[in-house]
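Coordinate analysis (summary)
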Amino acid sequence: MNELKLSIEQINPAVLWGPNNDHFEIIKKQYPKLKIVARGNEVKVLGDDHEINIFKEKFLHLLQHVEKYENLNITDLERILGSKASDITLPDNSADKFASGEVIVFGPNGVMVKARTANQRRMVECINKSDILFAIGPAGTGKTYTAVALAVRALKNKDIKRIILTRPAVEAGENLGFLPGDLKEKIDPYLRPLYDALDDMIPAEKLKFYLENRTIEIAPLAFMRGRTLDNCFVILDEAQNATDMQLKMFLTRMGPSAKFIVTGDVTQIDLPKKQQSGLHTALRILTDIGGIEIVYLSGEDVVRHKLVRKILAAYGDIQ
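Anyway, here's the lowdown on the structure attached to this text. Since the structure is predicted, the reported quantities are computational estimates derived from the model, not experimental observations.

On a plain count of helices and strands, the protein chain comes out with 12 helices and 11 strands. A burial count over the protein chain gives 49% of its 319 residues as buried. Carbon and sulfur atoms make up 50% of the accessible area of the protein chain, which totals about 16800 Å².

Given below as structure tokens:
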């Protein structure tokens, strides 16, 4: 009798084994000639060498699916276990499917993050073919959320090694005064919307791990100076609050293997009156450069409460 040990420490075992270990029971029934034991982050399999090899091939595909999508349902389980290895295909991530409104990324507990509007789908199409994307639109149009979803998708697909999310630390019409705490505690309130988006897309423990080992970095725009950002997906949010020099500094941080998304709302500039928004300048002078795409979102893309669109219209931000 032979023995095989497989590690599952890179995935969430609760997703793999299912509620009440239902998936584990299905796997065991699929391989009655094997003794399968799961303890902690390890699976031990005992049995005939031929049976073990068959099991290993299918089980590794299960791990690949769970690691990539952080979701596993009965249909996926039966499809993978019941197919020949050469027939196994994971859900298509092609630009065509995303363009038609398919899932960008699976969040915790199978939550599906989709491009829900025409211009959100344009964002997906544009970042697939270009390395810099400007997504411009009023509040509630999902520009930041979609951008973060695209970054998380790239990380899960191993297209890049890191995600960097940044914002100008500019007060939104309020004088917050002296904030207590260390540097992180002082700047985190400005970056909270980025954390909120990540919470919807990555399980809490994995997100904590990514933040601790800097696979995902969230920092104020000023912290980008002097760096070369390569092999990563970088998002500048609230870019309307960056000055000309700040936005130029940010865009010129780009390494050879990077993707940049810049999001902004030109109706919500919080800079002092004497300072010009660098976003206006960038949109004017970068329009005709190949490899740079600009998507303008509108009231039709508002995905918050239905009243948000009416409020924006009342303030004159949308038609």
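Turning next to the pattern of salt bridges. Going through the model one piece at a time under the given rule, you end up with 11 salt bridges. Lys-28 serves as the salt-bridge partner of Glu-25, at 3.7 Å between the closest nitrogen and oxygen. Of this pair, Glu-25 and Lys-28 both sit in helix α2 (residues 22-30), separated by 3 residues, roughly a single helical turn. Taking relative accessible area as the criterion, Glu-25 reaches 36% and is therefore assigned partly exposed. Connected through salt bridges with shared partners, the residues Arg-162, Arg-214, Glu-217 and Arg-227 form a single ionic network.

Turning to the sheet that holds strand β6 (residues 132-136), a few remarks are in order. Spatially, β8-β7-β9-β10-β6-β11 is the arrangement adopted by the 6 strands of the open sheet, whose pairing is parallel. Two strands bound the open sheet, and with one partner strand each, they are β8 (216-220) and β11 (292-296). Taking each pair of neighbouring strands and ignoring which way they run, the sheet shows an average axis angle of 15°. Pairing between β6 and strand β10 (residues 259-264): 5 bridges, direction parallel. What sits directly across from Leu-133, in β10, is Ile-261.

Taken in spatial order, the 3 strands make up an open sheet running β1-β3-β2, and their pairing is antiparallel. Each end of this open sheet is capped by a strand with a single partner; those strands are β1 (2-7) and β2 (35-39). On average, each strand axis in the sheet is inclined to that of its neighbour by 15°, with strand direction left out of account. Two elements, β2 and strand β3 (residues 42-47), share 5 bridges in a ladder whose sense is antiparallel. Each residue of the ladder has a partner; that of Arg-39, found in β3, is Glu-42. Contacts from helix α3 (residues 49-69) reach β1, β2 and β3 within the one sheet, and its direction differs from that of β1 by about 10°.

Relative to the elements of secondary structure, Lys-33 occurs in the loop between α2 and β2. Residue classification places Lys-33 among the exposed positions, given a relative accessible area of 65%. Residues Lys-33 and Ile-52 lie 19 residues apart in sequence; the distance between their C-alpha atoms is 9.4 Å. If we skip the residues at most four places from it in the chain, Lys-33 touches Leu-46 and Glu-51.

Summed over all chains, the structure comprises 6 aromatic pairs. When the centroid spacing of 6.2 Å and the interplanar angle of 45° are considered together, the rings of Phe-209 and Tyr-210 count as tilted. Geometrically, the ring pair formed by Phe-250 and Phe-260 is tilted, given 4.8 Å between the ring centres and 35° between the ring planes. Here Phe-250, found in helix α10 (residues 244-251), pairs with Phe-260, found in strand β10; they are 10 residues apart in sequence, far enough to count as distant. Residue classification places Phe-250 among the buried positions, given a relative accessible area of 0%. Members of the aromatic cluster, joined through ring pairs, are Trp-17, Phe-24, Tyr-31, Phe-55 and Phe-59.

What counts, and where the lines are drawn
Residues numbered from 1 in each chain as written. Predicted model: local features only at pLDDT ≥ 70, side-chain atom pairs only at ≥ 80, totals over all residues. Heavy atoms only, no water. Helix = DSSP H or I, 4+ residues; strand = E, 2+ residues; numbered from the N terminus. Buried < 20%, exposed > 50% of the residue type's maximum accessible area, 1.4 Å probe, protein only. Areas by Shrake-Rupley, 256 points an atom, 1.4 Å probe, with all protein chains shown as cover. Salt bridge = Lys/Arg side-chain N within 4 Å of Asp/Glu carboxyl O. Pairing = 2+ DSSP bridges. Axes fitted to C-alpha atoms, helices over the stretch in contact; angles between N-to-C directions. Contact = heavy atoms within 4.5 Å. Phe/Tyr/Trp six-rings, centres within 6.5 Å; stacked < 30°, edge-to-face > 60°.

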